[in-house]
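Each chain, letter by letter, is given below.
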Amino acid sequence: MAVKIEESWKLQLAGEFEQPYFKSLVEFVKYETAKHTIFPAGKLIFSAFDHCPFDATKVVIIGQDPYHGHGQANGLCFSVSDGVAMPPSLKNIFKEIKSDLGNELPPTGNLERWAEQGVLMLNATLTVRANEAGSHQKKGWEEFTDAAIKLLSDKKENLVFLLWGAYAQKKGAIIDTAKHLVLKAAHPSPFAAHNGFFGCAHFSKTNEYLKLKGKKTITW
């Protein structure tokens, strides 16, 4: 079954594309796309992988669902396309970056610039029905994204995993903490950010670790 995804990831995930769960997932997404408005657009579903090849990955941020509002989701967790107003969680991420590193709020919430430096921004579920949060959960995406995380954990060394909130932390339980740096904090949403996201300093800690391991730091 042909899946349009960046070549290094296509190679790594080849076994998943042949699994019964993935074939069922493809049929489900095709059906949903025919009946409903689905986000992100089809060509953006694998954007997290397309913008950050397996070999180039240095940092992994785990999200949950794509944004379900019109024009928001662009295939990278927490990210929105150019010209789209920043959702509250993303605003809080930039507030923490300013507090941590002194960087001013950027003009866009499009995080492709992070991806191109080696930050994989991976939602657990890669599609969603418009205006229905969580509508594509437990259809197979979680199994697929678990496989991607396990491949990174098993085959690479000295990655940084940023796990914000209980959901991401549970999903990240498969990561080998002996080989990688795992940083945990509260979710950056307005409901949780004051419970440990603000002040977590994950962005400077990530760069300190990358520097220590002889890797190029991220311009956040």
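Values in this document were obtained by computation on a predicted structure and should not be read as measured data. (Residues numbered from 1 in each chain as written. Predicted model: local features only at pLDDT ≥ 70, side-chain atom pairs only at ≥ 80, totals over all residues. Heavy atoms only, no water.)

Novice: Explain the overall build of the protein chain to me, please; I cannot follow it from the model alone.
Specialist: Tallying secondary structure elements over the protein chain gives nine helices and six strands in all. Relative to the 2.2 N^0.38 estimate, which gives 17 Å for 220 residues, the radius of gyration of the protein chain is 17 Å and therefore close to what a compact globule would have. The principal-axis extent of the C-alpha atoms belonging to the protein chain is close to 45 × 35 × 25 Å. When the 220 residues of the protein chain are sorted by exposure, 53% land in the buried category. Sequence separation of at least 24 residues holds for 66% of the intrachain contacts in the protein chain that already meet a minimum separation of 6. Approximately 10,300 Å² of the protein chain is accessible, and the part contributed by carbon and sulfur atoms is 53%. Here the protein chain carries 26 positive and 23 negative side-chain charges, and the mean point of each set is 2 Å from the other. (Helix = DSSP H or I, 4+ residues; strand = E, 2+ residues; numbered from the N terminus. Rg over C-alpha atoms; globule rule 2.2 N^0.38 Å. Buried < 20%, exposed > 50% of the residue type's maximum accessible area, 1.4 Å probe, protein only. Contact = heavy atoms within 4.5 Å. Areas by Shrake-Rupley, 256 points an atom, 1.4 Å probe, with all protein chains shown as cover. Lys, Arg positive; Asp, Glu negative; His and termini not counted. Charge placed at Lys NZ, Arg CZ, Asp CG, Glu CD.)

Novice: When you look at the side chain of Asn-207 in this model, what are you seeing that I'm missing?
Specialist: Turning to its location among the elements, Asn-207 is positioned in helix 9 (residues 202-212). Assessed through its relative accessible area of 13%, Asn-207 is described here as buried. Within the structure, Asn-207 has its side chain in polar contact with the backbone nitrogen of Ile-218 (distance 2.8 Å). For Asn-207, the residues in contact, after removing those within four places along its chain, are Thr-217, Ile-218 and Trp-220. (Polar contact = N/O pair within 3.5 Å; in protein donor to acceptor, adjacent residues only side chain to side chain.)

Novice: Sorry if this is basic, but what is going on with the nonpolar core here?
Specialist: The nonpolar side chains of a soluble globular protein tend to be buried with one another. Residues Leu-13, Phe-22, Phe-46, Phe-49, Trp-114 and Phe-144 are the most contacted members of the largest nonpolar core, which totals 70 residues. When residues in this core are grouped by element, the largest group, seven residues, is from helix 7 (residues 141-155). Non-local contacts of Trp-114, meaning those with residues more than four positions away in its chain, are made with Ile-61, Ile-93, Phe-94, Ile-97, Val-119, Met-121, Phe-203, Thr-219 and Trp-220. (Core = buried A, V, L, I, M, F, W, Y, C linked by side-chain atoms within 4.5 Å.)

Novice: What should I look at first to understand helix 7 in this one?
Specialist: Given 3.6 residues to a turn, an α-helix orients residues that are three or four positions apart in the same direction. Given a rise of 1.5 Å per residue, 15 residues ought to cover 21 Å, and the 21 Å separating the end C-alpha atoms of helix 7 matches this to within 8%. Taken together, the buried positions of helix 7 are occupied by Trp-141, Glu-142, Phe-144, Thr-145, Ala-147, Ala-148, Ile-149, Leu-151, Leu-152 and Ser-153. (Expected span 1.5 Å × (residues − 1).)

Novice: I keep staring at the packing of helix 5 (residues 88-101) against helix 9 and nothing clicks. Help me out?
Specialist: Describing two packed helices takes the angle between their axes plus the distance from one axis to the other. Direction vectors running N to C along helix 5 and helix 9 enclose 60°, while the axes themselves pass 8 Å from each other. Here helix 9 runs oblique to helix 5, going by the angle between their axes. Contacts from Ile-93, Glu-96, Ile-97, Asp-100 and Leu-101 of helix 5 reach helix 9 at His-202, Phe-203 and Ser-204. Partitioned by chemical class, the residues of the contact of helix 5 with helix 9 number four nonpolar, two polar and two charged. (Axes fitted to C-alpha atoms, helices over the stretch in contact; angles between N-to-C directions. Parallel < 35°, antiparallel > 145°, perpendicular 65-115°, else oblique. Nonpolar A, V, L, I, M, F, W, Y, C, P; charged D, E, K, R; others polar.)

Novice: Just checking my understanding: could you explain the packing of helix 3 (residues 20-35) against helix 7 for this structure?
Specialist: Their axes nearest at 9 Å, the elements helix 3 and helix 7 cross at an angle of 130°. In terms of axis orientation, helix 3 runs oblique to helix 7. In this structure, helix 3 crosses over helix 7, and the sense of that crossing is left-handed. On helix 7, the residues that touch Tyr-21, Phe-22, Leu-25 and Val-29 of helix 3 are Trp-141, Glu-143 and Phe-144. Looking at side-chain class alone, the contact of helix 3 with helix 7 contains six nonpolar, no polar and one charged residues. (Left-handed = near helix turned anticlockwise from the far one by under 90°.)

Novice: What's the story with the environment of Val-80 in this structure? I'm lost.
Specialist: Inspection of the secondary structure assignment puts Val-80 in the loop between strand 2 (59-63) and helix 5. Judged by its relative accessible area of 0%, Val-80 falls in the buried class. Measuring from C-alpha to C-alpha, the distance between Val-80 and Phe-197 comes to 20 Å, with 117 residues separating the pair along the chain. Apart from the residues within four sequence positions on either side, Val-80 is in contact with Tyr-67, Gln-72, Asn-74, Ala-85, Pro-87, Leu-90, Gly-109 and Asn-110.

Novice: What is the right way to look at the sheet that holds strand 2 in this model?
Specialist: Strand-to-strand pairing in sheets goes through backbone hydrogen bonds, with the strands running parallel or antiparallel. If you walk across this open sheet you meet the four strands as 3-2-5-6, and the pairing is parallel. The two strands at the open ends of the sheet, each matched to only one other strand, are strand 3 (119-123) and strand 6 (181-185). Averaged over all adjacent pairs, the angle separating strand axes in this sheet is 20°, with direction ignored. Where strand 5 (residues 160-164) and strand 6 come together, five bridges link them in parallel fashion. Residue Leu-163 lies in a different strand from strand 6, and its bridge partner there is Lys-184. (Pairing = 2+ DSSP bridges.)

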